[in-house]
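# Survey of secondary and tertiary structure
Single-letter residue listing:
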Amino acid sequence: MITVSVPSKIHLLGEHAVVYGKPALLAAINKRIFVTVSGAEKKKIDDPSLEKLKRIIESTIKKKYRISKIPLYSISISSHIPAGSGLGSSAALSAVLTFALLTFLGKRVDKSTIFDIAYEGEAFFHGKPSGGDLATVIEGGLLWYRKDFEFLKMFTPLPFRPHKNIGKFILINSGKPKESTREMVDIVARLKKSNPKKTKALFESQEELTKQMVKALKSGDENKLINCIRFGERNLEELGVVGEKSQSIIKAIERLGGAAKINGGGGAKNGSGMLLVYHKDIKKVLKHVRKNNLEVLRIQIGVEGLRRDE
Ligand code: MEV
(Lines give C-alpha, C1' and ligand atoms only; values in the text may rest on other atoms or scores of the structure.)
Protein backbone atom coordinates (compact mmCIF):
# COMPACT_ATOMS: atom_id res chain seq x y z
CA MET A 1 0.00 0.00 0.00
CA ILE A 2 1.26 3.44 -0.95
CA THR A 3 -0.02 6.82 0.17
CA VAL A 4 1.07 10.04 -1.50
CA SER A 5 -0.21 13.60 -1.29
CA VAL A 6 0.00 17.02 -2.92
CA PRO A 7 -1.07 20.44 -1.64
CA SER A 8 -3.51 22.83 -3.31
CA LYS A 9 -2.59 26.29 -4.58
CA ILE A 10 -3.51 29.94 -4.59
CA HIS A 11 -2.76 32.53 -7.22
CA LEU A 12 -1.25 35.53 -5.49
CA LEU A 13 -1.61 37.18 -8.92
CA GLY A 14 -1.37 36.57 -12.64
CA GLU A 15 -4.20 34.09 -13.25
CA HIS A 16 -5.75 34.26 -16.75
CA ALA A 17 -2.87 36.48 -17.99
CA VAL A 18 -0.65 33.41 -17.47
CA VAL A 19 -2.61 31.57 -20.18
CA TYR A 20 -1.24 34.20 -22.60
CA GLY A 21 2.43 34.03 -21.63
CA LYS A 22 2.44 36.49 -18.74
CA PRO A 23 3.95 35.49 -15.39
CA ALA A 24 1.93 34.28 -12.43
CA LEU A 25 2.86 34.17 -8.79
CA LEU A 26 1.48 31.11 -7.03
CA ALA A 27 1.81 29.48 -3.63
CA ALA A 28 1.15 25.96 -2.39
CA ILE A 29 -1.21 25.91 0.59
CA ASN A 30 -1.83 23.45 3.41
CA LYS A 31 -5.05 21.88 2.08
CA ARG A 32 -3.88 18.57 0.67
CA ILE A 33 -5.27 15.66 -1.31
CA PHE A 34 -4.13 12.13 -0.40
CA VAL A 35 -4.28 9.04 -2.58
CA THR A 36 -3.71 5.49 -1.38
CA VAL A 37 -3.04 2.82 -4.02
CA SER A 38 -2.91 -0.90 -3.49
CA GLY A 39 -2.86 -3.94 -5.71
CA ALA A 40 -6.28 -5.49 -6.46
CA GLU A 41 -7.64 -8.84 -7.60
CA LYS A 42 -10.56 -7.38 -9.50
CA LYS A 43 -10.94 -4.17 -11.50
CA LYS A 44 -12.65 -1.51 -9.42
CA ILE A 45 -14.71 1.08 -11.29
CA ASP A 46 -14.66 4.60 -9.87
CA ASP A 47 -16.98 7.44 -10.83
CA PRO A 48 -16.97 8.28 -14.58
CA SER A 49 -14.83 11.42 -14.50
CA LEU A 50 -12.24 9.76 -12.25
CA GLU A 51 -12.26 6.71 -14.56
CA LYS A 52 -11.62 8.98 -17.55
CA LEU A 53 -8.76 10.72 -15.75
CA LYS A 54 -7.25 7.37 -14.71
CA ARG A 55 -7.41 6.15 -18.32
CA ILE A 56 -5.64 9.27 -19.63
CA ILE A 57 -2.89 9.03 -17.02
CA GLU A 58 -2.51 5.26 -17.49
CA SER A 59 -2.22 5.54 -21.25
CA THR A 60 0.31 8.40 -20.99
CA ILE A 61 2.39 6.32 -18.55
CA LYS A 62 2.19 3.25 -20.81
CA LYS A 63 3.38 5.24 -23.83
CA LYS A 64 6.17 6.98 -21.95
CA TYR A 65 7.52 3.81 -20.29
CA ARG A 66 6.61 1.39 -23.10
CA ILE A 67 4.53 -0.72 -20.71
CA SER A 68 1.79 -2.81 -22.27
CA LYS A 69 -0.24 -3.44 -19.12
CA ILE A 70 -0.70 -1.85 -15.73
CA PRO A 71 -1.42 -4.36 -12.93
CA LEU A 72 -4.89 -4.13 -11.35
CA TYR A 73 -5.03 -1.63 -8.52
CA SER A 74 -7.53 0.17 -6.34
CA ILE A 75 -7.31 3.73 -5.10
CA SER A 76 -8.88 5.65 -2.28
CA ILE A 77 -8.88 9.44 -2.26
CA SER A 78 -9.14 11.73 0.71
CA SER A 79 -9.28 15.41 -0.19
CA HIS A 80 -9.17 18.47 2.04
CA ILE A 81 -9.41 20.73 -1.01
CA PRO A 82 -12.81 22.29 -1.59
CA ALA A 83 -13.61 21.46 -5.25
CA GLY A 84 -14.45 24.24 -7.71
CA SER A 85 -13.06 26.94 -5.48
CA GLY A 86 -10.02 28.13 -7.41
CA LEU A 87 -7.63 26.09 -5.30
CA GLY A 88 -6.44 23.91 -8.16
CA SER A 89 -8.28 20.75 -7.16
CA SER A 90 -8.19 19.27 -10.67
CA ALA A 91 -4.45 19.88 -11.08
CA ALA A 92 -3.89 18.41 -7.62
CA LEU A 93 -5.96 15.31 -8.44
CA SER A 94 -4.11 14.77 -11.70
CA ALA A 95 -0.70 15.23 -10.05
CA VAL A 96 -1.40 13.03 -7.05
CA LEU A 97 -2.83 10.21 -9.20
CA THR A 98 0.16 10.33 -11.53
CA PHE A 99 2.60 10.23 -8.62
CA ALA A 100 0.63 7.44 -6.90
CA LEU A 101 0.54 5.27 -10.01
CA LEU A 102 4.21 5.75 -10.84
CA THR A 103 5.15 4.90 -7.25
CA PHE A 104 2.87 1.84 -7.38
CA LEU A 105 4.70 0.74 -10.56
CA GLY A 106 8.03 1.11 -8.76
CA LYS A 107 9.19 4.01 -10.94
CA ARG A 108 11.49 6.54 -9.32
CA VAL A 109 10.74 9.67 -11.26
CA ASP A 110 11.60 13.33 -11.24
CA LYS A 111 9.07 16.10 -10.82
CA SER A 112 9.28 17.19 -14.44
CA THR A 113 8.17 13.73 -15.65
CA ILE A 114 5.26 13.84 -13.21
CA PHE A 115 4.40 17.30 -14.53
CA ASP A 116 4.40 16.12 -18.17
CA ILE A 117 2.15 13.13 -17.48
CA ALA A 118 -0.21 14.99 -15.13
CA TYR A 119 -0.48 17.84 -17.65
CA GLU A 120 -2.30 15.46 -20.00
CA GLY A 121 -4.75 14.72 -17.19
CA GLU A 122 -5.30 18.37 -16.35
CA ALA A 123 -5.87 19.16 -20.01
CA PHE A 124 -8.83 16.77 -19.85
CA PHE A 125 -10.49 19.13 -17.33
CA HIS A 126 -9.31 22.46 -18.75
CA GLY A 127 -8.53 22.19 -22.44
CA LYS A 128 -5.28 24.16 -22.50
CA PRO A 129 -4.15 24.91 -18.96
CA SER A 130 -1.13 27.14 -18.42
CA GLY A 131 0.37 24.46 -16.18
CA GLY A 132 0.88 26.96 -13.34
CA ASP A 133 -1.48 25.17 -10.94
CA LEU A 134 0.19 21.86 -11.67
CA ALA A 135 3.75 23.14 -11.25
CA THR A 136 2.81 24.65 -7.89
CA VAL A 137 1.15 21.58 -6.40
CA ILE A 138 4.07 19.41 -7.51
CA GLU A 139 6.88 21.77 -6.55
CA GLY A 140 5.35 23.41 -3.46
CA GLY A 141 6.57 26.71 -1.98
CA LEU A 142 6.06 30.02 -3.76
CA LEU A 143 6.47 29.86 -7.52
CA TRP A 144 7.10 32.30 -10.34
CA TYR A 145 5.56 30.60 -13.38
CA ARG A 146 5.37 31.40 -17.07
CA LYS A 147 4.42 29.52 -20.19
CA ASP A 148 6.04 31.12 -23.20
CA PHE A 149 5.09 28.32 -25.58
CA GLU A 150 3.22 25.04 -25.25
CA PHE A 151 6.67 23.37 -25.36
CA LEU A 152 8.35 25.85 -23.01
CA LYS A 153 6.90 26.19 -19.53
CA MET A 154 9.21 27.67 -16.95
CA PHE A 155 9.06 28.17 -13.25
CA THR A 156 11.32 29.04 -10.41
CA PRO A 157 10.75 28.98 -6.67
CA LEU A 158 11.00 32.47 -5.15
CA PRO A 159 14.53 32.65 -3.78
CA PHE A 160 13.37 34.23 -0.49
CA ARG A 161 10.66 33.85 2.14
CA PRO A 162 8.09 36.66 2.44
CA HIS A 163 9.38 39.43 4.71
CA LYS A 164 8.38 39.14 8.39
CA ASN A 165 6.18 42.26 8.03
CA ILE A 166 3.88 40.32 5.74
CA GLY A 167 1.07 38.82 7.78
CA LYS A 168 -1.27 35.98 7.00
CA PHE A 169 -3.54 35.68 3.99
CA ILE A 170 -6.99 34.20 4.49
CA LEU A 171 -9.55 32.84 2.05
CA ILE A 172 -13.22 33.83 2.06
CA ASN A 173 -15.74 31.69 0.26
CA SER A 174 -17.75 33.72 -2.26
CA GLY A 175 -19.69 30.61 -3.32
CA LYS A 176 -19.13 27.87 -5.84
CA PRO A 177 -18.86 29.20 -9.40
CA LYS A 178 -21.57 28.12 -11.85
CA GLU A 179 -18.94 27.93 -14.57
CA SER A 180 -15.99 25.58 -14.93
CA THR A 181 -12.41 26.93 -15.18
CA ARG A 182 -12.51 26.06 -18.86
CA GLU A 183 -15.58 28.29 -19.32
CA MET A 184 -13.89 31.13 -17.43
CA VAL A 185 -10.81 30.82 -19.64
CA ASP A 186 -13.17 30.96 -22.66
CA ILE A 187 -14.71 34.25 -21.42
CA VAL A 188 -11.26 35.84 -21.52
CA ALA A 189 -10.50 34.26 -24.90
CA ARG A 190 -13.67 35.82 -26.33
CA LEU A 191 -12.81 39.23 -24.90
CA LYS A 192 -9.33 38.93 -26.38
CA LYS A 193 -10.88 38.25 -29.77
CA SER A 194 -13.44 41.05 -29.62
CA ASN A 195 -11.22 43.61 -27.89
CA PRO A 196 -7.54 42.71 -28.37
CA LYS A 197 -6.29 46.18 -27.40
CA LYS A 198 -8.07 46.18 -24.07
CA THR A 199 -6.97 42.65 -23.13
CA LYS A 200 -3.37 43.37 -24.13
CA ALA A 201 -3.33 46.41 -21.82
CA LEU A 202 -4.92 44.40 -18.99
CA PHE A 203 -2.41 41.56 -19.34
CA GLU A 204 0.49 44.03 -19.39
CA SER A 205 -0.81 45.76 -16.30
CA GLN A 206 -1.22 42.38 -14.59
CA GLU A 207 2.38 41.48 -15.43
CA GLU A 208 3.66 44.72 -13.89
CA LEU A 209 1.51 44.24 -10.76
CA THR A 210 2.70 40.64 -10.38
CA LYS A 211 6.30 41.90 -10.46
CA GLN A 212 5.50 44.63 -7.96
CA MET A 213 3.93 42.05 -5.71
CA VAL A 214 7.13 40.00 -5.63
CA LYS A 215 9.00 43.14 -4.58
CA ALA A 216 6.41 43.91 -1.89
CA LEU A 217 6.71 40.39 -0.46
CA LYS A 218 10.48 40.68 -0.41
CA SER A 219 10.68 44.15 1.14
CA GLY A 220 7.70 43.67 3.45
CA ASP A 221 5.84 46.68 2.04
CA GLU A 222 2.24 45.97 3.04
CA ASN A 223 0.80 49.09 1.37
CA LYS A 224 2.34 48.06 -1.91
CA LEU A 225 1.03 44.51 -1.49
CA ILE A 226 -2.49 45.80 -0.80
CA ASN A 227 -2.35 48.03 -3.89
CA CYS A 228 -1.18 45.15 -6.09
CA ILE A 229 -4.13 43.03 -4.93
CA ARG A 230 -6.62 45.88 -5.39
CA PHE A 231 -5.46 46.87 -8.88
CA GLY A 232 -4.98 43.23 -9.87
CA GLU A 233 -8.58 42.56 -8.86
CA ARG A 234 -9.79 45.56 -10.93
CA ASN A 235 -8.05 44.07 -13.96
CA LEU A 236 -9.69 40.70 -13.34
CA GLU A 237 -13.08 42.45 -13.11
CA GLU A 238 -12.36 44.14 -16.45
CA LEU A 239 -11.59 40.71 -17.91
CA GLY A 240 -15.12 39.66 -16.90
CA VAL A 241 -14.23 36.86 -14.50
CA VAL A 242 -15.60 38.32 -11.24
CA GLY A 243 -19.34 38.20 -10.54
CA GLU A 244 -21.29 40.85 -8.65
CA LYS A 245 -21.57 38.74 -5.53
CA SER A 246 -17.79 38.59 -5.14
CA GLN A 247 -17.34 42.22 -6.13
CA SER A 248 -19.54 43.31 -3.27
CA ILE A 249 -17.63 41.16 -0.72
CA ILE A 250 -14.37 42.56 -2.10
CA LYS A 251 -15.54 46.20 -1.91
CA ALA A 252 -16.56 45.70 1.72
CA ILE A 253 -13.08 44.36 2.57
CA GLU A 254 -11.51 47.33 0.79
CA ARG A 255 -13.67 49.72 2.84
CA LEU A 256 -12.19 48.09 5.94
CA GLY A 257 -8.73 48.95 4.65
CA GLY A 258 -7.86 45.53 3.24
CA ALA A 259 -7.68 44.00 -0.22
CA ALA A 260 -9.19 40.92 -1.83
CA LYS A 261 -9.24 39.25 -5.22
CA ILE A 262 -10.52 36.17 -6.91
CA ASN A 263 -8.05 33.35 -6.99
CA GLY A 264 -7.76 31.23 -10.12
CA GLY A 265 -10.51 30.99 -12.74
CA GLY A 266 -13.14 33.01 -10.84
CA GLY A 267 -16.83 32.96 -11.66
CA ALA A 268 -19.19 35.50 -13.22
CA LYS A 269 -22.76 34.22 -12.87
CA ASN A 270 -22.82 33.33 -9.19
CA GLY A 271 -19.91 32.84 -6.78
CA SER A 272 -16.25 33.07 -7.79
CA GLY A 273 -14.78 30.48 -5.44
CA MET A 274 -12.35 31.33 -2.65
CA LEU A 275 -11.29 34.98 -2.48
CA LEU A 276 -7.75 35.74 -1.40
CA VAL A 277 -7.79 38.37 1.34
CA TYR A 278 -5.10 40.51 2.97
CA HIS A 279 -5.32 43.14 5.68
CA LYS A 280 -2.69 44.73 7.92
CA ASP A 281 -4.94 43.82 10.83
CA ILE A 282 -6.66 40.60 9.73
CA LYS A 283 -8.80 40.61 12.90
CA LYS A 284 -10.84 43.43 11.35
CA VAL A 285 -11.72 41.19 8.40
CA LEU A 286 -12.45 38.23 10.67
CA LYS A 287 -14.90 40.37 12.65
CA HIS A 288 -16.62 41.42 9.41
CA VAL A 289 -16.72 37.80 8.24
CA ARG A 290 -18.42 36.66 11.46
CA LYS A 291 -20.95 39.49 11.31
CA ASN A 292 -21.84 38.66 7.71
CA ASN A 293 -21.81 34.90 8.13
CA LEU A 294 -19.14 34.35 5.51
CA GLU A 295 -17.08 31.17 5.41
CA VAL A 296 -13.40 31.68 6.04
CA LEU A 297 -10.47 29.35 5.45
CA ARG A 298 -7.22 30.02 7.31
CA ILE A 299 -4.25 29.00 5.25
CA GLN A 300 -0.54 28.61 5.42
CA ILE A 301 1.31 29.47 2.22
CA GLY A 302 4.51 28.02 0.79
CA VAL A 303 4.02 24.46 2.04
CA GLU A 304 5.72 21.29 0.77
CA GLY A 305 4.83 19.97 -2.70
CA LEU A 306 4.21 16.34 -3.56
CA ARG A 307 5.41 13.80 -1.05
CA ARG A 308 5.15 10.17 -0.15
CA ASP A 309 3.29 9.78 3.14
CA GLU A 310 3.40 5.99 3.57
C1 MEV B 1 -6.79 28.51 -12.95
O2 MEV B 1 -6.47 28.13 -11.61
C3 MEV B 1 -5.85 29.56 -13.43
C4 MEV B 1 -6.09 30.07 -14.85
O5 MEV B 1 -5.07 31.05 -15.10
C6 MEV B 1 -6.02 28.96 -15.88
C7 MEV B 1 -4.63 28.37 -16.05
O8 MEV B 1 -3.64 28.96 -15.62
O9 MEV B 1 -4.58 27.31 -16.69
C10 MEV B 1 -7.43 30.77 -14.98
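Residues numbered from 1 in each chain as written. Predicted model: local features only at pLDDT ≥ 70, side-chain atom pairs only at ≥ 80, totals over all residues. Heavy atoms only, no water.

## Observations regarding the site of the ligand
Every residue near the ligand is listed here: Lys9, His11, Glu15, His16, Val18, Val19, Pro129, Ser130, Asp133, Thr181, Gly264 and Gly265. Serine 130 is positioned with one of its side-chain polar atoms (N or O) 2.6 Å from an oxygen atom of the ligand. In this structure, an oxygen atom belonging to the ligand sits 2.8 Å away from a side-chain N or O atom of aspartate 133. Grouping the constituent residues of the shell around the ligand by class yields three nonpolar, six polar and three charged. (Near = heavy atom within 4 Å. Polar contact = N/O pair within 3.5 Å; in protein donor to acceptor, adjacent residues only side chain to side chain. Nonpolar A, V, L, I, M, F, W, Y, C, P; charged D, E, K, R; others polar.)

## Re the sheet that holds strand β6 (residues 170–173)
Spatially, the four strands line up as an open sheet ordered β7-β8-β6-β9, and their pairing is antiparallel. The sheet terminates laterally at β7 (259–261) and β9 (296–298), the two strands that pair on one side only. Here the strands of the sheet are splayed against their neighbours by 30° on average, with no regard to which way each runs. Pairing of β7 with strand β8 (residues 274–278) involves three bridges; the strand directions are antiparallel. From the neighbouring strand, lysine 261 faces β8, where its bridge partner is leucine 276. Packing against the sheet, helix α7 (residues 222–239) makes contact with β7 and β8, and its axis sits at approximately 35° to β7. In the packing of helix α9 (residues 282–291) onto the sheet, the strands contacted are β6, β8 and β9, and the crossing angle to β6 comes to about 20°. (Pairing = 2+ DSSP bridges. Helix = DSSP H or I, 4+ residues; strand = E, 2+ residues; numbered from the N terminus. Axes fitted to C-alpha atoms, helices over the stretch in contact; angles between N-to-C directions. Contact = heavy atoms within 4.5 Å.)

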